[in-house]
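Report on the structure
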Amino acid sequence: MTDAPERWTQATVYADMWTDPADDPRNSEGVSPDGELPTLQDFLTNYRMTLRMKCEGLDAEQLARRSVPPSTMSLLGLVRHLAEVERDWRNWLHDGERLPKLYGRRDADFDDAVADQAVVDAAYADLEREQAATDAALAGFADLGTRVGKDGIAIRELLVHRVEEYARHCGHADLLRECIDGRVGQ
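Presented here is an overview of the structure given in this document. Everything numeric here is computed off the predicted structure, so don't read it as measured data.

1. Remarks on the overall build of the chain
A tally of regular secondary structure across the chain gives 6 helices and 2 strands. Across the chain, every contact between residues at least 6 apart in sequence was considered, and the portion connecting residues at least 24 apart equals 71%.

2. Things to note about unusual backbone geometry
Peptide bonds are mostly trans, and most non-glycine residues show a negative phi. That bond from Pro 69 to Pro 70 is cis: its omega, 5 degrees, falls within 30 degrees of zero. Tracing the backbone through its elements, the reader meets Pro 70 in the loop between α2 (60-64) and α3 (75-91). The backbone phi angle of Asp 107 is positive, close to 70 degrees, even though this residue is not glycine. Mapped onto the elements of the fold, Asp 107 is located in the loop between α3 and α4 (108-111). Of the residues examined, Asp 107 reaches a relative accessible area of 39% and is grouped as partly exposed.

3. Some details on the packing of aromatic side chains
Here the structure, examined in full by the defined rule, presents 0 aromatic pairs. Cation over ring: Arg 80 sits above Tyr 103, and NZ or CZ is 3.9 Å from the ring centre.

4. Topic: the nonpolar core
Counting residues in hydrophobic clusters, the biggest one holds 41 residues, and the most contacted among them are Leu 63, Leu 75, Leu 76, Ile 155 and Leu 158. Counting only elements with at least two residues in this core, the list comes to α1 (36-55), α2, α3, α4, α5 (117-139) and α6 (155-181). If one sorts the elements of this core by residue count, α6 sits on top with 9 residues. When sequence neighbours within four positions are dropped, the list of residues in contact with Leu 76 reads Leu 63, Ala 64, Ala 113, Val 114, Val 119, Val 120 and Ala 123.

5. As for the side chain of Asp 181
One can find Asp 181 in helix α6. You can call Asp 181 buried: its relative accessible area is 18%. Side chain to side chain, Asp 181 and Arg 177 meet in a polar contact 3.0 Å long.

6. Some points on the packing of α5 against α6
It is the contact of α5 with α6, at a shortest axis distance of 11 Å, that shows an interaxial angle of 155 degrees. Classified by the interaxial angle, the pair formed by α5 and α6 is roughly antiparallel. Relative to α6, α5 is oriented so that their crossing is left-handed. Where α5 approaches α6, its residues Leu 127, Gln 131, Thr 134, Asp 135 and Leu 138 are matched on the opposing element by Ile 155, Leu 158, Leu 159, Arg 162 and Tyr 166. Of the residues that constitute the contact of α5 with α6, the class distribution is 6 nonpolar, 2 polar and 2 charged.

Criteria and thresholds
- Residues numbered from 1 in each chain as written.
- Predicted model: local features only at pLDDT ≥ 70, side-chain atom pairs only at ≥ 80, totals over all residues.
- Heavy atoms only, no water.
- Helix = DSSP H or I, 4+ residues; strand = E, 2+ residues; numbered from the N terminus.
- Contact = heavy atoms within 4.5 Å.
- Buried < 20%, exposed > 50% of the residue type's maximum accessible area, 1.4 Å probe, protein only.
- Phe/Tyr/Trp six-rings, centres within 6.5 Å; stacked < 30°, edge-to-face > 60°.
- Lys NZ or Arg CZ within 6 Å of the ring centre and 35° of its normal.
- Core = buried A, V, L, I, M, F, W, Y, C linked by side-chain atoms within 4.5 Å.
- Polar contact = N/O pair within 3.5 Å; in protein donor to acceptor, adjacent residues only side chain to side chain.
- Axes fitted to C-alpha atoms, helices over the stretch in contact; angles between N-to-C directions.
- Parallel < 35°, antiparallel > 145°, perpendicular 65-115°, else oblique.
- Left-handed = near helix turned anticlockwise from the far one by under 90°.
- Nonpolar A, V, L, I, M, F, W, Y, C, P; charged D, E, K, R; others polar.

Just geometry here; none of it tells us what the structure is for.
Here it is as structure tokens:
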């Protein structure tokens, strides 16, 4: 006997998918957006939605469950981490005083992701607020080639980095979710 959960899915069409294509809220069918900015925004929106889907239906204990020692990674930690990095990306836009870390000390986003519903609710509220603030700050730049901040980073690079950050962590979320209850990703 093993403690590993049996693999399962809600999909009835493809056994290795998270959900049936017709029930998938991400826009994966149809015409893709025209232009660089709408394409980047579409990918970011879909990865943000994917992360939420991976966390859906889990309680506070499951969301806070750590992967494998010595890692402190958990789904809740990922939500908190992405809120933290959304805030940090705004620091790249200017030369001025940096916004303080959302959760205080380094790695507190993962270390303090504990099985408490208030912590879960706060993490989702933090993520939504920080995403909206970063979206609004970046919307002020019409030219994706505009270089900003003390390092002169291009807005395009910040946008691509956001997509990459969510994509990488959605891969982690796939594995974390499958370890929790066996649900497979797509």
